[in-house]
Amino acid sequence: MFFFYIYNRSRASHRLWSSAPLCATDTIFALSSGQGKCGVAVVRVSGPASALALRGLTGPDRPPAPRTAALRSIFHPQSKEILDRGLVFWFPGPHSFTGEDSAEFHVHGGPAVVSGVLDALGSLPGLRPAEAGEFTRRAFHAGKLGLTEVEGLGDLIHAETEAQRRQALRQMAGDLAQLYRDWSQRLTQCLAHVEAFIDFGEDDLIEDGVLDQVDNSVAQLQTEITCHLHDGRKGERLRSGVQVVIAGETNAGKSSLLNLLCRRPAAIVSPIAGTTRDVVETCLDIGGFPVLLSDTAGLRETADAVEQEGVRRAREKVEQADLTLVVVDATQLPTDPLQVPVFLGAHLLAVLPHGVGLEESLRHCILVLNKSDLLPVEQVEKTQTFLNKNPGLPPASLLSCHTSHGLENFMTSLQSRLSSLCGDPLAGTPSLTQARHRAHLHECFQALGQYQQYRDVDLALAAEGVRLALTGLGRITGKVGAEEILDIIFRDFCIGK
Amino acid sequence: MLARRVLNRPRSLASPSSWAASARTVTACDVIVVGGGHAGTEAAAAATRVGAETLLVTQKIQTIGALSCNPSLGGVGKGQLVREVDALDGLMGRAGDWAGVHFSILNRSKGPAVWGPRAQLDRPRYRQFIQAELLSMPRLTVVEGSVEELLVSEPDPEKPGKHRVTGVRMADTGRIILARSVVLTTGTFLSGSLFMGQTTSPGGRMGDPPSGSGLSRSLKEVLGLRLGRLRTGTPPRIFKRSVDLSLAQLQLPDQRPTPFSFISNGTHCKPEEQLPCYLINTTPGVERVVRESLHLNSHIQQDTRGPRYCPSIESRVLRFPGRQHQVWLEPEGLTSDLLYPQGLSMTMPPDLQVRLLREIPALRKAEIQAPGYGVQYDFVCPTQLFPSLEVRSAQGLFLAGQINGTTGYEEAAAQGVWAGVSAGRRALSLPPLSLSRTQSYIGVLIDDLVGRGITEPYRMFTSRAEFRTSLRPDNADLRLTLKGYCDIGCVSPRRYEEAVRMKAGLSEALSALQDITLSPTRWREKLPQAAVSANKSGIMSAEEVLQYKDVSFEMLASAFPDVLGPYVEFAERLKIEAMYRPHCEKQRREIERILQEESLSLPQDVDYLSLPVSLSQEVRELLDRVRPATLGAASRLPGMTPAAILHLLNYITRTPQRDRSAERSSTPDPQNLSDESRDSFPCVPVSQ
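Please read all numbers here as calculations on a predicted model, not as lab measurements.

So, how was this worked out
Residues numbered from 1 in each chain as written. Chains lettered and ligands numbered in written order. Predicted model: local features only at pLDDT ≥ 70, side-chain atom pairs only at ≥ 80, totals over all residues. Heavy atoms only, no water. Pairing = 2+ DSSP bridges. Helix = DSSP H or I, 4+ residues; strand = E, 2+ residues; numbered from the N terminus. Axes fitted to C-alpha atoms, helices over the stretch in contact; angles between N-to-C directions. Phe/Tyr/Trp six-rings, centres within 6.5 Å; stacked < 30°, edge-to-face > 60°. Buried < 20%, exposed > 50% of the residue type's maximum accessible area, 1.4 Å probe, protein only. Lys NZ or Arg CZ within 6 Å of the ring centre and 35° of its normal. Core = buried A, V, L, I, M, F, W, Y, C linked by side-chain atoms within 4.5 Å. Domains from an automatic or database assignment. Expected span 1.5 Å × (residues − 1). Contact = heavy atoms within 4.5 Å. Salt bridge = Lys/Arg side-chain N within 4 Å of Asp/Glu carboxyl O. Parallel < 35°, antiparallel > 145°, perpendicular 65-115°, else oblique. Nonpolar A, V, L, I, M, F, W, Y, C, P; charged D, E, K, R; others polar.

Novice: Break down the sheet that holds strand S17 (residues 338–342) of chain B for me, citing the residues and quoting the values.
Specialist: Residue and element names in this part refer to chain B. The six strands are arranged S14-S15-S16-S17-S13-S18 in an open sheet whose pairing can be described as antiparallel. The strands lining the two open edges of the sheet, one partner per strand, are strand S14 (249–251) and strand S18 (368–370). Neighbour to neighbour, the strand axes of the sheet diverge by 35° on average, direction disregarded. Bridging between S14 and strand S15 (residues 277–281) involves three bridges; their strand directions are antiparallel. Bridge pairing in S15 places Gln251 opposite Cys277.

And the structure:
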């Protein structure tokens, strides 16, 4: 009898179109153009599987020549559904922005097309949505950035992280958040029980029944996550646009500002403090940028339960905002201009959230000093001049919602903030956050499969599956550390040896 | 052989008298190790292996290597530490193989990554082995006595730290001994007090004199270190003849004992001579006695932090009332007439201890040889240490073992090895090194201690290691022995050669396995036991087939005797390697990322509060408080932001070359390192 030994050493892996050496990194993708009124959206891919992504979405034929635009139909690799027709680029490493193999898809700017392409990329093996600043960071590590460019990089990443955090907060405020948190808790419990069985099962009274419970929970979680993933976009309706929130003390004229901006009485205004008790939202187009404008209840201590809830919602809204318009009653301003910064500083402190650091909040804020019509003309001028040259404060506009005086000045200031916010590709793009969530949930689902695969073969590898699942979910809900696992172990079991 | 070595009385045994004779004179050596427990003995041995002239100071030579608490070694997580200590050529693994009387691999059914090699030990044999090793070790002198005070002088201004420790002053003779490094391993003796019932007495272990308060004062008042207080306890020892073992459940050892050490050919104890353990359960009566005696039990009433695991029987029944709790009766040795009741640590008055024991059927007539007691002791908050275990503010002072807030022999030994290596290297002007948590449990242990600190006595669990499936007991030699010889310098040539041979054998065998490829149909014919699925497409290598649950390397070797026959001695390790390799490959990427960040050291003298880098006030305060040694450690801090990490990365990259040179020096080459470049970095990670 003959046996054939086939030496698989010689099976060199052939890589189509590529010249860069294989490196052991993930392939990442992200929308890299801004939102707002743009005809074309750019989706960027970087990493060793870039060629695969390009093939997957445009078919195996006719690879584009390096660094040359090619017009292709772009389709979903699984459903084969045509998503768009657009330009694709292939940048073999090291001659690319990140130094790795990269690809770009220039598609039509609508949200449906963009999220379709992001979804399609996320469905390919080895691809995942980029973390904040990851493209730039890779470029930095590849030595593709000069020192001066690096200087600004930290701030950029900071901004991206912040934008993602706010976006996540918005999404986490709903039912979805409740669902993810529940999964995370159940998964943490599963992991704690598997770990207890591994670390203490031999000496202490931890019965095999513990693992049966875990088996059930894991199977249950798998079912729920699959259903959720297939249910997908029908889930939570996400509103896109820059979230601008009007906040301030009662009776400063917040609702008047909303009405002025949308040129219709969207909110009830009255001279009675506490008129607005809930959040009033309206969609606007300001200078070409999509804006979701919210008016909130005036912030004050109150005994009225309904108003208290309104104040709570107002604070939550401010925390999730991309931009906060802090409205101040100008008639309360001290007459001595030198006292003004202290007065306004105290106001800002009362309105803006402290959790993330005040510096950060200040960068996302415009001060609106309303009721200028009630001030003497010379004080208006003096104050405006003073505010213009006080760099310690966020941009401030003195205006009158009543007479529209100073509105133009304010609009210029607002539009410049909006354009910088919309230039940031990650701010307020729910589709990207959603793609990220889907990728992490998928990761979680697959890792749970590892638990089941190894459950009866090797418990260490099975536990690894639960750990990976929790890590995946933790990227949405927040990290669970070793100490928290141990806390559950010692809470649920009597460890005596 | 062993007996002869002890009887020979090598030079160090004669030393105490000669030391006494020359009292009050000043002597000097490279490294002084204070304490002869598991941390101290490993530290002294490691320092001498590195090449330093070392002096071990202990209260009684007779108690060197004593097992003060349980007569056992290893277990889940702890067994991994023993294997790693052994891979770095430490004593513990070989001592366990010499003294073990009951060997078993815990978690045998749960996957090799979490197997827990464990043994019951014969107390005198363990002590004898450790003493014989130490007393015949070149460059090591052992002296009896206790240290009253640390000698402290002005710091070397070129290095971080407010003080420099230059030696010790002995208590009885007042003699001064100078050294470049001092390792403190005082265990529970630092301001230790013993508790039993309502009586309290000073001391760190029953039967031993308390240590002077001088050391505690040196640490607290002179060096300004932050201390905390912890508690632990030990059970009463029971006369075996008074126990009705027919009422206990027999627990037999493994039929084929597995040695701890990579270089032991077997265990000293013959398989058939091994002793059994016994399992019994508590009764409601036990709970009753605990509750009735609470007012007479001052240890349990104190609020000093005790461990949540290995707690006393008092805290077990109070926290989980109405349950049966397991108690293991463990042999104390081949000739001992005592049993050690694991799980019955208690601090009530002795008469009540007897009453409690007698509530358990098998112990109805139990008599005790010594009652259980509790200990409270000071520890130094370990966040004040570098990853080399050197005290940040005191140049030349190293701490290891319970003084750092850990519990357990294995945790102590692991730190001992590393403190000994670090102290020895410092004395010889070699750059300090650190072990990464991605490559060893020792690294996990030290990183947790110095990075996060402790709130209860720290014990190793496998769940603390993120890369548990890569850090297995079977591959500790591949992970540590080669580096231990080439980079660290603490491994003997003999052990190194064995590890090299092992590594070569394994990798040849793995390529041979990968080179055998057949179609699934052919595999089914060749190896019917493997149950290769008919639906599988493509060709399969023998390595893939070895991953099947029911396939052993021996099966493959008998199917392919010419190609695989030569590797049968590696059979078990090859099976494990094949199982875990795909998963370890996946982890490698994450490990590399962490190592990359860990290779970027953060200067220790930097003033974070005024650093001209864009950092938020919160992050500045966090960095100032914790002072992470590397970018990797910084990124693991809760509250750290990606942007802050990038700014730090940018800062390091821009910092002048003086700091960069140290990073490249993972191969020790002291000549090329100016003191300046070395000391802006606390530790250089051991290369991969």
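Novice: An account of the packing of aromatic side chains is requested, with residue identities and associated values reported.
Specialist: Using the criterion set out here, one finds seven aromatic pairs over all chains in the structure. Ring geometry for Tyr180 of chain A and Trp183 of chain A: centres 5.9 Å apart, planes at 40°, overall tilted. Here Trp183 of chain A and Tyr180 of chain A lie together in helix H5 (residues 175–200), a separation of three residues that amounts to about one turn. Taking relative accessible area as the criterion, Tyr180 of chain A reaches 2% and is therefore assigned buried. For Trp183 of chain A, a relative accessible area of 1% gives the class buried. Seen in terms of ring centroids, Trp98 of chain B and Phe129 of chain B are 6.2 Å apart; in terms of plane orientation they differ by 40°. Their pairing is tilted. Of this pair, Trp98 of chain B sits in helix H5 (residues 92–99) while Phe129 of chain B is found in helix H6 (residues 123–135), placing the two residues 31 residues apart along the sequence. Judged by relative accessible area, Trp98 of chain B falls into the partly exposed class, the value being 23%. The ring of Phe262 of chain B has Arg83 of chain B lying over it, and the distance from NZ or CZ to the ring centre is 3.8 Å.

Novice: Tell me about the nonpolar core, residues and numbers included.
Specialist: By size, the foremost hydrophobic cluster in this structure holds 105 residues, and its most contacted members are Ile32, Leu150, Leu184, Leu219 and Leu397 of chain B. The biggest single contributor to this core is helix H12 (residues 409–427) of chain B, with 10 residues. Two domains each donate at least three residues to this core, and these are domain 1 (2–9 + 26–232 + 377–491) and domain 2 (237–375) of chain B. Judged by nonpolar contacts, the second largest core, of 51 residues, contains Tyr180, Leu221 and Tyr451 of chain A together with Cys584 of chain B.

Novice: Could you give an account of helix H15 (residues 493–515) of chain B, naming the residues involved and the relevant values?
Specialist: With 23 residues, H15 of chain B should reach 33 Å at 1.5 Å per residue; the first-to-last C-alpha distance of 33 Å fits that figure. Burial in H15 of chain B covers these residues: Arg495, Ala499, Met502, Gly505, Leu506, Ala509, Leu510, Ala512, Leu513, Gln514 and Asp515 of chain B.

Novice: Tell me about the environment of Gly74 of chain B, residues and numbers included.
Specialist: By the element assignment, Gly74 of chain B lies in strand S3 (residues 72–74). Sequence-distant contacts of Gly74 of chain B, that is, excluding residues within four places in its chain, are made with Gly79, Val82, Pro117, Arg118, Phe260 and Glu410 of chain B.

Novice: Now, about the pairing of strand S8 (residues 163–170) of chain B: what can you tell me, with residues and values included?
Specialist: On a regular strand, each side chain points to the face opposite its neighbour's, so the side chains alternate between the two faces of the sheet. Residue and element names in this part refer to chain B. Of all eight residues in S8, six are buried; the element is thus mostly enclosed. Here strand S7 (residues 147–153) runs beside S8; their pairing, made up of six bridges, is antiparallel. In the sheet register, Ser153 faces S8, and the bridge partner there is Arg164. One ladder, built from two bridges, connects S8 with strand S20 (residues 394–395); its direction is parallel. By the bridge assignment, His163 is partnered in S20 with Ala394. Bridge count between S8 and strand S9 (residues 176–184): three bridges; the pairing is antiparallel. Each bridged residue has a counterpart across the sheet, and for Gly167 the counterpart in S9 is Leu178. Hairpin remark: S8 followed by S9, antiparallel, with five residues in the connecting loop; positive phi at Gly174, about 75°.

Novice: Provide a residue-level description of the pattern of salt bridges, including the pertinent values.
Specialist: Scanning all chains against the criterion turns up 48 salt bridges over all chains. Arg312 of chain A is paired through a salt bridge with Glu309 of chain A; the nearest N and O atoms lie 2.9 Å apart. A residue pair is termed a helical-turn pair when its members lie 3 or 4 positions apart in one helix, as Arg312 of chain A and Glu309 of chain A do in helix H8 (residues 305–320) at three residues. Across the pair Glu577 of chain B and Arg472 of chain B runs a salt bridge, and its minimum N-O distance is 3.3 Å. Residue Glu577 of chain B is found in helix H20 (residues 571–598), and its partner Arg472 of chain B is found in the loop between helix H13 (441–452) and helix H14 (476–488); the two are separated by 105 residues along the sequence. Residue class for Arg472 of chain B comes out buried when judged on its relative accessible area of 1%. Ionic contacts of the salt-bridge type, sharing partners, join the residues Arg437, Asp447, Asp448, Arg452 and Glu466 of chain B into one network.

Novice: Please give an account of the side chain of Thr438 of chain B that cites residues and values.
Specialist: One can find Thr438 of chain B in the loop between strand S22 (433–434) and H13. Leave out the neighbours within four places in its chain, and Thr438 of chain B touches Phe467, Leu471, Ile591, Ile594 and Leu595 of chain B.

Novice: Tell me about the packing of helix H4 (residues 78–87) of chain B against H5 of chain B, and name the residues and values.
Specialist: Residue and element names in this part refer to chain B. The contact between H4 and H5 brings their axes to 7 Å, and the two run at 115°. Between H4 and H5, the interaxial angle falls into the category roughly perpendicular. Listed contacts from H5 to Val82, Val85 and Asp86 of H4 are Met92, Gly93 and Arg94. Grouping the amino acids of the contact of H4 with H5 by side-chain chemistry returns three nonpolar, one polar and two charged.

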